There are 2 protein chains.
Amino acid sequence: MNKQLLLSNIRTVLIRLEETIIFSLIERAQFRHNQRIYKKSEFGDALQGDSLVGYLLHQTEIIHAKMRRYTSPDEHPFYNDLPNPVLPPIVFEENPLRPNKINFNSKIREIYESCIVPAICESGDDNQYGSSAVCDVTCLQSISRRVHYGKFVAESKIRQNQTAFVEAIKSKDKDALLGLVTDQSVENDVIARVRKKTEVYGQIDHGDSNPLRIQPDVVAKIYKEWLIPLNKAVQVEYLLQRGID
Amino acid sequence: MNKQLLLSNIRTVLIRLEETIIFSLIERAQFRHNQRIYKKSEFGDALQGDSLVGYLLHQTEIIHAKMRRYTSPDEHPFYNDLPNPVLPPIVFEENPLRPNKINFNSKIREIYESCIVPAICESGDDNQYGSSAVCDVTCLQSISRRVHYGKFVAESKIRQNQTAFVEAIKSKDKDALLGLVTDQSVENDVIARVRKKTEVYGQIDHGDSNPLRIQPDVVAKIYKEWLIPLNKAVQVEYLLQRGID
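Read on for an overview of the structure.

Rules behind the numbers
Position labels on residues start from 1 in each chain and follow its written sequence. Labels follow written order: the first chain is A, the first ligand is 1, and so on. At least 70 in pLDDT is required for a residue's local features to be given in this predicted model, at least 80 for side-chain atom pairs to be given and counted, and no such filter applies to totals for whole chains, interfaces and linings, which use all residues. Side-chain figures throughout are based on the complete set of non-hydrogen atoms in the structure, without hydrogens or water. Starting at the N terminus, helices and strands are each numbered in turn, a helix being any DSSP run of H or I of at least four residues and a strand any DSSP run of E of at least two. For the radius of gyration, the atom set is restricted to C-alpha positions; the globular benchmark scales as 2.2 Å times the number of residues to the power 0.38. Counting rule applied: Lys, Arg positive; Asp, Glu negative; His and chain ends not counted. For charged residues, the charge sits on one atom: NZ in Lys, CZ in Arg, CG in Asp, CD in Glu. Contacts were defined at the residue level, with two residues in contact if any of their heavy atoms lie within 4.5 Å. Buried area: the accessible surface (1.4 Å probe) lost by two parts on joining, summed over both. Salt bridges are identified by distance alone: a Lys or Arg side-chain nitrogen within 4 Å of an Asp or Glu carboxyl oxygen. Least squares is used to superpose the copies, and the fit set is the C-alpha atoms of residues whose pLDDT is at least 70 in both copies. Ring geometry is summarised as follows: Phe, Tyr and Trp rings, the Trp one being its six-membered ring, pair when their centres sit within 6.5 Å, and such pairs are stacked at plane angles under 30 degrees, edge-to-face over 60 and tilted between the two. For every residue, the accessible area obtained with a 1.4 Å probe (protein chains only) is divided by the maximum for its type, and the residue is called buried under 20%, exposed over 50%, and partly exposed between those limits. In this analysis, the expected span of each helix is defined as 1.5 Å times one less than the number of residues it contains. The term bend refers to the angle at a residue between two fitted axes, each drawn through seven residues, those ending there and those starting there. Take the buried Ala, Val, Leu, Ile, Met, Phe, Trp, Tyr and Cys residues and link them wherever side-chain atoms come within 4.5 Å; each set so joined is a nonpolar core.

This next bit is on the overall build of chain A. A tally of helices and strands in chain A yields 9 helices and 0 strands. Ordered by position from N to C terminus, the α and β elements of chain A give α-α-α-α-α-α-α-α-α. Taken against the 2.2 N^0.38 rule, which gives 18 Å for 245 residues, the C-alpha radius of gyration of chain A at 19 Å falls within 12% of a compact globule. Dimensions of chain A, computed from the C-alpha atoms along their principal axes, are close to 55 × 40 × 30 Å. Measuring between centres, the 32 positive side-chain charges of chain A sit 4 Å from its 32 negative side-chain charges.

Taken residue by residue, the interface counts 40 residues in chain B and 41 residues in chain A. Here chain B packs against chain A, burying approximately 3,700 Å² in sum over the two surfaces, 67% of which is carbon and sulfur. Of all residues in chain B, the largest losses of buried area upon contact with chain A belong to R16, F23 and M67 of chain B, amounting jointly to 17% of the total for that side. Remark: the boundary between chain B and chain A carries 2 salt bridges. Across the salt bridge formed by R16 of chain B and E27 of chain A, the nearest N and O atoms sit 2.9 Å from each other.

Time to look at the relation of the copies chain B and chain A. Structural alignment of chain B on chain A gives an RMSD of 0.0 Å, achieved by rotating through 180° and translating 0.0 Å along the axis. Such values leave the two copies arranged in the relation of a two-fold axis. When you check the interface residues of chain B against chain A, 100% turn up at the interface there too, and the contact is symmetric in its surfaces.

Below, the discussion takes up the packing of aromatic side chains. Under the defined criterion, the tally for this structure stands at 10 aromatic pairs over all chains. On the numbers, 5.4 Å between centres and 55° between planes, the contact of F23 of chain A with Y201 of chain A is tilted. Within this pair, whereas F23 of chain A is found in helix α1 (residues 7-28), its partner Y201 of chain A is found in helix α8 (residues 184-203), the two being separated by 178 residues in sequence. The exposure class of F23 of chain A is buried, given its relative accessible area of 3%. Given a relative accessible area of 0%, Y201 of chain A falls into the buried group. Consider the rings of F43 of chain B and Y129 of chain B, whose centres lie 5.8 Å apart with planes at 65°: the pair is edge-to-face. Here F43 of chain B, found in the loop between α1 (7-28) and α2 (52-66), pairs with Y129 of chain B, found in helix α4 (residues 129-148); they are 86 residues apart in sequence, far enough to count as distant.

This brings us to helix α9 (residues 216-242) of chain B. All names here are of chain B. Helix length check: α9 (27 residues) gives 37 Å between terminal C-alpha atoms against 39 Å at 1.5 Å per residue, within 8%. Maximum bend of α9: about 35°, positioned at Y223. Two residues or fewer after α9 comes G243, characterised by a positive phi angle close to 75°.

For the rest of this paragraph, the subject is the environment of I102 of chain A. Residue and element names in this part refer to chain A. For I102, the position within the fold is in the loop between α2 (52-66) and α3 (105-120). Along the primary structure I102 and A65 are separated by 37 residues, whereas in three dimensions their C-alpha atoms are 18 Å apart. Dropping the residues within four chain positions of it, I102 is found in contact with H76, H148, K151, E237, Y238 and Q241.

The subject of this paragraph is helix α5 (residues 150-160) of chain A. One turn of an α-helix holds 3.6 residues; hence residues three or four places apart share an orientation. Burial analysis of α5 of chain A places 8 of its 11 residues in the buried class, the great majority of the element. Of all the residues in α5 of chain A, the buried ones are G150, K151, F152, V153, A154, E155, S156 and I158 of chain A.

It is worth spelling out the pattern of salt bridges at this point. Counted according to the given criterion, the structure contains 36 salt bridges over all chains. Here E18 of chain A and R193 of chain A are joined by a salt bridge, their closest N and O atoms 2.6 Å apart. On the criterion of sequence distance, the pair formed by E18 of chain A in helix α1 and R193 of chain A in helix α8 is long-range, its members being 175 residues apart. The closest approach of N and O atoms between D74 of chain B and R145 of chain B, which form a salt bridge, is 3.0 Å. You can see D74 of chain B sitting in the loop between α2 and α3 (105-120) and its partner R145 of chain B sitting in helix α4, a full 71 residues away along the chain. Under the relative-accessibility criterion, D74 of chain B is labelled buried at 11%. Look at the salt bridges and you will find they share partners, linking R98, E155, R159, R242 and D245 of chain A into a network.

We now examine the environment of L140 of chain B. All names here are of chain B. Tracing the backbone shows L140 in helix α4. Look at L140 and you get buried, because its relative accessible area is 0%. Between the alpha carbons of L140 and S156 there is a distance of 25 Å; along the sequence they are 16 residues apart.

A word on the side chain of S132 of chain A. Residue and element names in this part refer to chain A. On the secondary structure map, S132 appears in helix α4 (residues 129-148). Among the residues examined, S132 registers a relative accessible area of 0% and is labelled buried. Leaving out residues up to four positions away in the same chain, S132 has contacts with R28, F31, R32, N34 and I37.

Turning to the environment of L56 of chain B, a few remarks are in order. One can find L56 of chain B in helix α2. Look at L56 of chain B and you get buried, because its relative accessible area is 2%. Residues L56 of chain B and D136 of chain B, 80 residues apart in the sequence, show an inter-C-alpha distance of 9.3 Å. Setting aside its immediate chain neighbours within four residues, L56 of chain B contacts I63, H64 and M67 of chain A together with A133, V134 and V137 of chain B.

By size, the foremost hydrophobic cluster in this structure holds 138 residues, and its most contacted members are L52 and I116 of chain A together with L52 and I116 of chain B. Beyond its immediate chain neighbours, meaning those up to four positions away, L52 of chain B contacts M67 and L87 of chain A together with I37, F43, L47, Y129 and A133 of chain B.

Despite not being glycine, K172 of chain A has its phi angle at roughly 45°, a positive value. Locating K172 of chain A in the fold gives a position in the loop between α6 (163-170) and α7 (174-181). You will see that N34 of chain B, though not glycine, has its phi angle at about 55°, which is positive. Residue position: N34 of chain B is located in the loop between α1 and α2. What makes N34 of chain B buried here is its relative accessible area of 0%.

Take a look at the structure:
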């Protein structure tokens, strides 16, 4: 089997990605909510009518697209008017996914801006707009990667046991598919692990007046309420679009 | 006194910045050295003759300059052909630094690319050029901020006890100034603390096949051999340019 589809390899990628996500959330949580940076046209025409975070995300994606980021099957852009790569294409190992157009980024961005940022940041405004927005781009990119990795998870699961999925896919039964891709015990392990990791990172002495503000329960909640459900929604959508062999 | 110059506040900023630096080094250390990304013209005309990392850094700075990053007295660009901000200027609290043109970034970049990357990454090439370069930009920006914070440290020290510095500044005695800004006990504390932090981050179970590769001794060495000496060199240079009141 393609090594990107081995469940042991997928697990390793997702566990390592927990650090990237937790680090990026901790970095964002240094700054206040700074609600203005999420409002369209808040800074006038200079940002082409976009929000400050949207503008920075868009400009960053334009550069990353030139560097061929979105030619990788585990990367998904938030904007769809990006330029072609200026570098010659990478010879990837065979892409194990079936062709699909699944992109949950608008949903991810909505949840990130309206639920996750208020959960991790102190309310109010500290005028650190640029620094906050730079962190937001990193958070959004790492969360997007985590959520869309569901495509690899789903492809791996259906190759291991196609029979289990046939009926639910044929009848387009989303609830049945959601049940099939759910493993409560694995989910509990993930949630316990990210809580534990955040606890350990919070133990460090950071000076009394500037603690790591993010709470272990908040990271656990982010995984439980948003990242894991979105990842499973990607799996369900992918299985429906993929069909059976 | 301006609160940016209170030694307790400077200490808090620098301690918090240790996390940003350690996180960014851990992220970079996921990937191999990938030496090609530091070579100019390695990818032909597409990157305007720059290295891949240089190109990404330059393009990132162009965006950040538009978002007025380099109007902040604790931020220093690596490139000097950047556009003006498109956002209206922030009203900063009074800048406590004297006017100066000190910018150690070319030195920082040289040390980062030739010493720090080989110290934290496995040798060889894993083709993860874009991901590595994105991490490099974050590392370079956080290290640059740490090193140039020496300006605030020096301004704070000379305001507390100008008499101590008069003779060394008048005679432009760099060695004497270096002696005056050195506090071996504080340096030892910093080095011990970053070693301890990296140890704690390394305790976490990341799956056997994908450990956090960065060693506590390596981070201690990065601070001891490069970040602290460069920070002190900034202090010395600043004091020389500043003069006495």
